[in-house]
Amino acid sequence: MSKKMGNIEVHDFAPVHDYERKELNLSKKMTYKQYSKHMNGEAHESMLTELPWSIRDSICLYERMNVSFNAITELPSVLPLRLPHLSHLDISHNRLTGLPESFGLLFHLQTIYLSHNRLKSLPNSFVHLVKLEKIDLSYNVLRQLLDDFGDMESLSKLNVSNNKLKVLPLSLGNCPTLTLLLAGGNRLDSPPQAICNEGSEATIEFLRKLYNSSSEQVFHRPLTPLNDFPRVRGYQLQSSVANPQSAHVQYIQEQTHTTNTASRIKTPLLPPLGASSLDSFELRDRIVGMIYGAAIGDAVGVATRWMSKDECSFYYSEENIDYSEITQDEHRVRWRKGDWTGNFDLFMLVLDSIVSWGGVVDELDFAKKLLNWSQRGFAELGDSEGVVLSETIQQILTKPRFTQDPHSVAESLLHSLTSLPAVSNGSLPKDGKCESGCEEKCKCQPGYKSILRSFSRTSISSCDHFGTDNGAIVRTAILGVPFFHNLSEVVGNSARICRATHADSQCLASCVMVSSLIALMLQGKCSYTCSESVVKMIDEASELSIKHLQNKEQIEDFRSYVSVNTLKDLKADGSKQRSYTHKPMAAAILALKSSDGFKKFIMKLVHEAGDSNSNACVAGALLGCKVGYSHLPANWIDGLRKKQTTWLNTKINILLDMMGIP
């Protein structure tokens, strides 16, 4: 509708709705099996083969559009006219062979993901996208880039890895805004492919020197709001004292009457008086912070799992990773954004065993829960199976007597496979037989096939030496909570649950280290502003852990990880030992020593890549216990999937009830 006012034509447009400015998400949600089929060229019937006509025929004010994991073969030339405000476009994992020349009219575009398509070339107009900062063209069939690619005004991050390029444009050497360039997996002559394979820094340096030599020119955190945990009491301490501290007063009174049978039935984990120098509210904050810290560390850490450091820098900011920004590929497609992985699932299996057995830590119950979870996942969360990330756990779940005698089975498995190379596909030993003498297609253990079928060769955690991966340490922090006031009980419980799957002494030592540190932190004896106090606490936990090691070599190795001083020294991305059980332990110790806040340290850690979600899960647990739930990053708490956090909060509240904590 329009009307004339003098010589001016006025249009009466409808107001812009809020939803029109948000993301248009047409991405296909898929399981890992569907992802594998998609990568093999099989298109699911529900996938889009073209953009919907509703987009083509009308002007939409969406600023972000995600149409990844479909089977789109071309983009309409009218796209810039229909989505004029588009700043973020994800059309990765499709079937595009080219882009329309009109693509250069997407003037507001800042980020574009075009990886895993079939692009052979780019339109000349592509370089006219003056606001474009991040470009992902990896895993296509590009043979050349436009010569003036480096003239793009805002280009900061460019990923052209795994194409068929022979030459990178010389203009990239004169791009002052370019900070990251990934070009591995090509056929490059200039720069030489060997240099590009070294990483972004070496590639950019070479291009800049090459450009300079061919030219006469010479170129030269806000305060975190406090979080309030939704405490819902089952067994509530009764008090007639009408003041805000009444619950705390009653808690102290209950601690002095530990022989009261009725009280002990309801609160079997109630600590004795003087067990901690922390008051009941601070103790609760530390316990909840430890649990949520592990969950957040796992959920954020999966963003960079198995990436190179350059890939981390390309896809993510160094200051913050939002769950919605986590890229989807072989290593991440199994989990929805804002979900934790199998690491924290294992953590919760231990917690679930503790609360269901009234505080008793029992390896048989844990083994049964582990097997059931591997086959079905957590039914209440809508899982269909548990994603096992540990090579050792994958192996032991195939053993028929695992649930009857997990310690003996784990010990037997370790001795039978330690002389063999690490098996990285969840397969049986080379002789093709299980411990019962069955053939390779063994069906003696329920769910055997489903366990082995669900995992790719490159996705699980394995090490040079079988049985030393981090599958046990990621679940052990919670064992520092029950009986935290009794270190011998904590050590025994930690060793018992570790040995249910991991019999190697190095795993035992690292698990005891983490759970002991949690217990000591809950006792409240450490001043985190005093480095000597922190070191003293670490030394005390170390002495308890070293007792489980078998020889001098293991002790020296353990101490070398305990004494690591920087994240760089951790060598998290070391290809052969990146899932070694001592690495998450060392990351957690660095977290205790660091003066960085939770977010800053976790961001530094995950940008070291490697088995990042395992490292961040353990480090997040200790760091969460250090700062408390109230000081965790609110956006990382709120960004977790609501169904998961509702379920998690119920479990936490039961644990707090059992401890008698207000």
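Residues numbered from 1 in each chain as written. Predicted model: local features only at pLDDT ≥ 70, side-chain atom pairs only at ≥ 80, totals over all residues. Heavy atoms only, no water.

1. Topic: helix α5 (residues 200-213)
Link 1 in the chain: With 14 residues, α5 ought to run about 20 Å at 1.5 Å a step, and its terminal C-alpha atoms sit 20 Å apart, in line with that.
Link 2 in the chain: For α5, the set of buried residues is Ser200, Ala202, Thr203, Ile204, Leu207 and Tyr211.
Link 3 in the chain: Each element contacted by the buried residues of α5 is listed here: β9 (180-182), α4 (193-197) and α9 (309-315). (Helix = DSSP H or I, 4+ residues; strand = E, 2+ residues; numbered from the N terminus. Expected span 1.5 Å × (residues − 1). Buried < 20%, exposed > 50% of the residue type's maximum accessible area, 1.4 Å probe, protein only. Contact = heavy atoms within 4.5 Å.)

2. So, the packing of aromatic side chains
Link 1 in the chain: A complete count under the given rule lists 15 aromatic pairs for this structure.
Link 2 in the chain: Ring centres 5.9 Å apart and planes at 25° place the aromatic pair Phe126 and Phe149 in the stacked group. Here the residue Phe126 occupies a position in the loop between β6 (111-113) and β7 (134-136), and Phe149 occupies one in the loop between β7 and β8 (157-159), the gap between them amounting to 23 residues.
Link 3 in the chain: Taking relative accessible area as the criterion, Phe126 reaches 0% and is therefore assigned buried.
Link 4 in the chain: For Phe149, a relative accessible area of 0% gives the class buried.
Link 5 in the chain: Relative to Tyr629, the ring of Phe229 has its centre 5.7 Å away and its plane inclined at 85°; by these criteria the two rings are edge-to-face. Of the two residues, Phe229 sits in the loop between α5 and α6 (246-255) while Tyr629 sits in the loop between α22 (612-627) and α23 (634-638), which places them 400 residues apart along the sequence. (Phe/Tyr/Trp six-rings, centres within 6.5 Å; stacked < 30°, edge-to-face > 60°.)

3. What about helix α11 (residues 363-376)?
Three or four residues apart is the spacing at which side chains of an α-helix point the same way, because the helix has 3.6 residues per turn.
Link 1 in the chain: With 14 residues, α11 ought to run about 20 Å at 1.5 Å a step, and its terminal C-alpha atoms sit 20 Å apart, in line with that.
Link 2 in the chain: Extensive coverage of α11 is indicated by the burial of 10 of its 14 residues.
Link 3 in the chain: Among the residues making up α11, those that are buried are Glu363, Asp365, Phe366, Ala367, Lys369, Leu370, Leu371, Trp373, Ser374 and Gln375.
Link 4 in the chain: The opening residue of α11 is Asp362, an N-cap whose side-chain oxygen sits 3.2 Å from the backbone nitrogen of Leu364.
Link 5 in the chain: Gly377 sits one or two residues past α11 and shows a positive phi near 70°. (Polar contact = N/O pair within 3.5 Å; in protein donor to acceptor, adjacent residues only side chain to side chain.)

4. A look at the sheet that holds β8
Either a parallel or an antiparallel arrangement is found when strands of a sheet pair, and the pairing is made through backbone hydrogen bonds.
Link 1 in the chain: Read across the sheet, seven strands follow the order β3-β4-β5-β6-β7-β8-β9 without closing on themselves; strand pairing throughout is parallel. In this open sheet, the two strands that pair with only one neighbour each are β3 (23-25) and β9. Taking each pair of neighbouring strands and ignoring which way they run, the sheet shows an average axis angle of 5°.
Link 2 in the chain: The pairing of β3 with strand β4 (residues 64-66) spans three bridges and is classified as parallel. (Pairing = 2+ DSSP bridges. Axes fitted to C-alpha atoms, helices over the stretch in contact; angles between N-to-C directions.)

5. So, the confidence of the model for the protein
Link 1 in the chain: Overall, the predicted model of the protein reaches an average pLDDT of 85, with 83% of residues at or above 70.
Link 2 in the chain: Here residues 1-16 is a poorly scored stretch, pLDDT under 50, and it has 14 contacts once near neighbours within four places are set aside; other chains count.
Link 3 in the chain: Within the model, the stretch residues 216-224 combines pLDDT values under 50 with 10 contacts to residues more than four positions away or in other chains. (pLDDT = per-residue confidence, 0-100.)

6. Looking at the packing of helix α8 (residues 280-301) against helix α21 (residues 598-606)
Link 1 in the chain: Relative orientation of the contacting elements α8 and α21 amounts to 40°, with a least axis distance of 10 Å. What the angle tells us is that α8 and α21 run oblique. In the packing of α8 onto α21, the handedness of the crossing is right-handed. Taking contact as the criterion, the partners of Gly293, Ile296, Val300 and Gly301 in α8 are, on α21, Phe598, Ile602 and Val606.
Link 2 in the chain: Of the residues that constitute the contact of α8 with α21, the class distribution is five nonpolar, two polar and no charged. (Parallel < 35°, antiparallel > 145°, perpendicular 65-115°, else oblique. Left-handed = near helix turned anticlockwise from the far one by under 90°. Nonpolar A, V, L, I, M, F, W, Y, C, P; charged D, E, K, R; others polar.)

7. Regarding the nonpolar core
One broad trend across soluble globular proteins is that nonpolar side chains are buried collectively.
Link 1 in the chain: Among the nonpolar cores identified, the biggest contains 140 residues, and Ile287, Met290, Ile291, Tyr292, Ile478 and Leu655 are the most heavily contacted of them.
Link 2 in the chain: For this core, the element with the most residues is helix α16 (residues 505-523), which contributes 12 residues.
Link 3 in the chain: Those residues within four positions of Tyr292 in sequence are excluded, and the remaining contacts are Phe229, Tyr629, Leu632, Ile637, Leu640, Thr645, Leu648, Asn649 and Ile652.
Link 4 in the chain: Ranked by size, the runner-up nonpolar core spans 48 residues in total, among them Tyr62, Leu96, Leu109 and Ala183. (Core = buried A, V, L, I, M, F, W, Y, C linked by side-chain atoms within 4.5 Å.)

8. Overview of the environment of Asn372
Link 1 in the chain: The topology assignment puts Asn372 in helix α11.
Link 2 in the chain: It is 8.9 Å that separates the C-alpha atoms of Asn372 and Glu385, two residues lying 13 residues apart in sequence.

9. Overview of the pattern of salt bridges
When the charged atoms of two side chains with opposite charge come close together, those side chains can pair.
Link 1 in the chain: Counting across every chain of the model gives 13 salt bridges.
Link 2 in the chain: We note a salt bridge from Glu363 to Arg496, for which the minimum N-O separation is 3.7 Å. Here Glu363, found in helix α11, pairs with Arg496, found in helix α15 (residues 487-498); they are 133 residues apart in sequence, far enough to count as distant.
Link 3 in the chain: Among the residues examined, Arg496 registers a relative accessible area of 28% and is labelled partly exposed.
Link 4 in the chain: The structure contains a network of salt bridges with shared partners spanning Asp596, Lys600 and Lys604. (Salt bridge = Lys/Arg side-chain N within 4 Å of Asp/Glu carboxyl O.)

10. A closer look at a positive patch on the surface
Link 1 in the chain: Together, Lys29, Arg336, Lys337 and Lys643 make up a positively charged patch on the protein surface.
Link 2 in the chain: Along the chain, Lys643 turns up in helix α24 (residues 642-658).
Link 3 in the chain: Residue classification places Lys643 among the partly exposed positions, given a relative accessible area of 46%. (Patch = residues over 30% accessible without salt bridge, like charges linked within 9 Å, V, L, I, M, F, W, Y side chains within 5 Å. Areas by Shrake-Rupley, 256 points an atom, 1.4 Å probe, with all protein chains shown as cover. Lys, Arg positive; Asp, Glu negative; His and termini not counted. Charge placed at Lys NZ, Arg CZ, Asp CG, Glu CD.)

11. A closer look at the side chain of Ser27
Link 1 in the chain: Assignment of secondary structure puts Ser27 in the loop between β3 and α1 (32-39).
Link 2 in the chain: Residue classification places Ser27 among the buried residues on the basis of a relative accessible area of 16%.
Link 3 in the chain: Polar side-chain contacts of Ser27 include one of 2.9 Å to the side chain of Ser68.
Link 4 in the chain: Sequence-distant contacts of Ser27, defined by excluding residues within four places in its chain, comprise Asn66, Val67, Ser68, Phe69 and Asn70.

12. A word on the environment of Trp340
Link 1 in the chain: Along the chain, the position of Trp340 falls in the loop between α9 and α10 (342-356).
Link 2 in the chain: Between the C-alpha atom of Trp340 and that of Arg641, which follows or precedes it by 301 residues, the distance is 8.8 Å.
Link 3 in the chain: Other than its neighbours up to four places away in sequence, Trp340 contacts Ala295, Asp298, Ala299, Trp335, Asp345, Gln644, Trp647 and Leu648.
Link 4 in the chain: At a separation of 2.9 Å, a polar atom in the side chain of Trp340 contacts the side chain of Asp345.

13. Looking at the environment of Asn117
Link 1 in the chain: Counting through the fold element by element, Asn117 comes out in the loop between β6 and β7.
Link 2 in the chain: For the pair Asn117 and Ile72, spaced 45 residues apart in sequence, the C-alpha to C-alpha distance is 9.4 Å.
Link 3 in the chain: When near neighbours in sequence (up to four residues on either side) are disregarded, Asn117 contacts Ile91, Ser92, His93, Asn94, Arg95, Leu96, Tyr139 and Asn140.
Link 4 in the chain: One polar contact links the side chain of Asn117 to the main-chain carbonyl oxygen of Ile91, over a distance of 3.0 Å.
Link 5 in the chain: Here the side chain of Asn117 touches Arg95 through a polar contact of 3.3 Å, landing on its backbone nitrogen.

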